[in-house]
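# Structure at a glance
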Amino acid sequence: NPAGGSWRTPSNWSLGRVPTALDSVVIDLNGTYTVNLDTTITAAFIAVGGSSGTQTLSLASRTLTITGQLRTQGTGALVFSGATLAGAGSLVNTATASLFNTTISTAGVNSGTLNGNATVTLTGALTTTASSLLRARSDNSSGFVNFTVATGFTNLGALELTNAGNAYPAT
């Protein structure tokens with residue numbers, strides 16, 4: 001659906017039904033819209049990003065279990081808030097991923113911009129490529145950022161420590 005909307009709405013999908021755990025989901029229609037992953041699901045493969053506009057997959061206070069790959073590409077964006085990414089799959093970010101109070105228990109590769117706000121925990125390994133940016137940003141409510149990579153961190157990109165406002169400066 002080029003207008004975005006709820007993941008759970010069958011008419012938002014080209015097959016006329018909600019994707020199942022065996023489906024590969026591609027959110028790449030050009031335009032600016034948000035798909036709200038408003039349910040806890042298991043998915044085999046999800047790709048987010050087209051060639052123009054901004055296609056956003058938003059996950060708030062839910063768990064997404066990925067068995068293959070969750071990928072941002074082109075003009076795609078992930079926005080996770082209070083969410084969990086679990087499963088045997090991986091996160092491959094070549095566009096933009098913004099994580100707020102989120103846990104990622106899969107392996108990850110960042111070749112784009114990875115924003116970590118407040119508390120972000122990665123229990124799988126994380127590799128950043130030479131052209132990537134990993135931004136740890138404190139928020140205005142808690143005044144801290146806690147970005148933890150628990151199992152293997154290979155950084156070839158840029159690291160940036162920043163803040164959301166003057167009340168909590170980055171140090």
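Residue numbering note: each chain is counted from 1, following its sequence as written. Predicted model: local features are reported for residues with pLDDT of at least 70 only, side-chain atom pairs are reported and counted for 80 or more only, and whole-chain, interface and lining totals are derived from all residues. No hydrogens and no water enter the side-chain calculation; it runs on all heavy atoms of the structure.

### A closer look at the pattern of salt bridges
Close approach of charged atoms lets side chains of opposite charge pair. Defined as follows: In what follows, salt bridge is the name for a side-chain nitrogen of Lys or Arg lying within 4 Å of a carboxyl oxygen of Asp or Glu. Helix and strand labels come from DSSP, where a helix needs a run of H or I of at least four residues and a strand needs a run of E of at least two; each type is numbered from the N terminus. Each residue's exposure class comes from its accessible area (1.4 Å probe, protein chains only) as a fraction of the maximum for that residue type: buried when under 20%, exposed when over 50%, partly exposed otherwise.
Within this structure, the stated rule accounts for 3 salt bridges. A salt bridge links Glu160 to Arg135; the shortest N-O distance between them is 2.5 Å. Of this pair, Glu160 sits in strand 17 (residues 158–163) while Arg135 sits in strand 14 (residues 133–138), and the two are 25 residues apart along the sequence. According to the relative accessible area criterion, Glu160 is partly exposed, its value standing at 33%.

### Things to note about unusual backbone geometry
Unusually for a residue other than glycine, Ser61 sits at a positive phi of about 55 degrees. Position of Ser61 relative to the elements: it lies in the loop between strand 5 (55–60) and strand 6 (63–72). Take Ser61: its relative accessible area is 60%, and that puts it in the exposed class. Residues other than glycine seldom take positive phi values, yet Asn101 does so here, at roughly 50 degrees. Inspection of the secondary structure assignment puts Asn101 in strand 10 (residues 96–104). On the basis of relative accessibility, which here comes to 35%, the residue Asn101 falls in the partly exposed class.

### A short note on the side chain of Ser98
Basically, it comes down to this: Polar contacts, as used here, are pairs of N or O atoms within 3.5 Å; protein pairs need one atom able to donate a hydrogen and one able to accept it. Residues neighboring in sequence count only if both atoms are side-chain atoms. Here, two residues are considered to be in contact whenever any of their heavy atoms come within 4.5 Å of each other.
One can find Ser98 in strand 10. Here the side chain of Ser98 touches Asn115 through a polar contact of 3.2 Å, side chain to side chain. Excluding residues that lie within four positions of it along the chain, Ser98 makes contacts with Leu78, Val79, Phe80 and Asn115.

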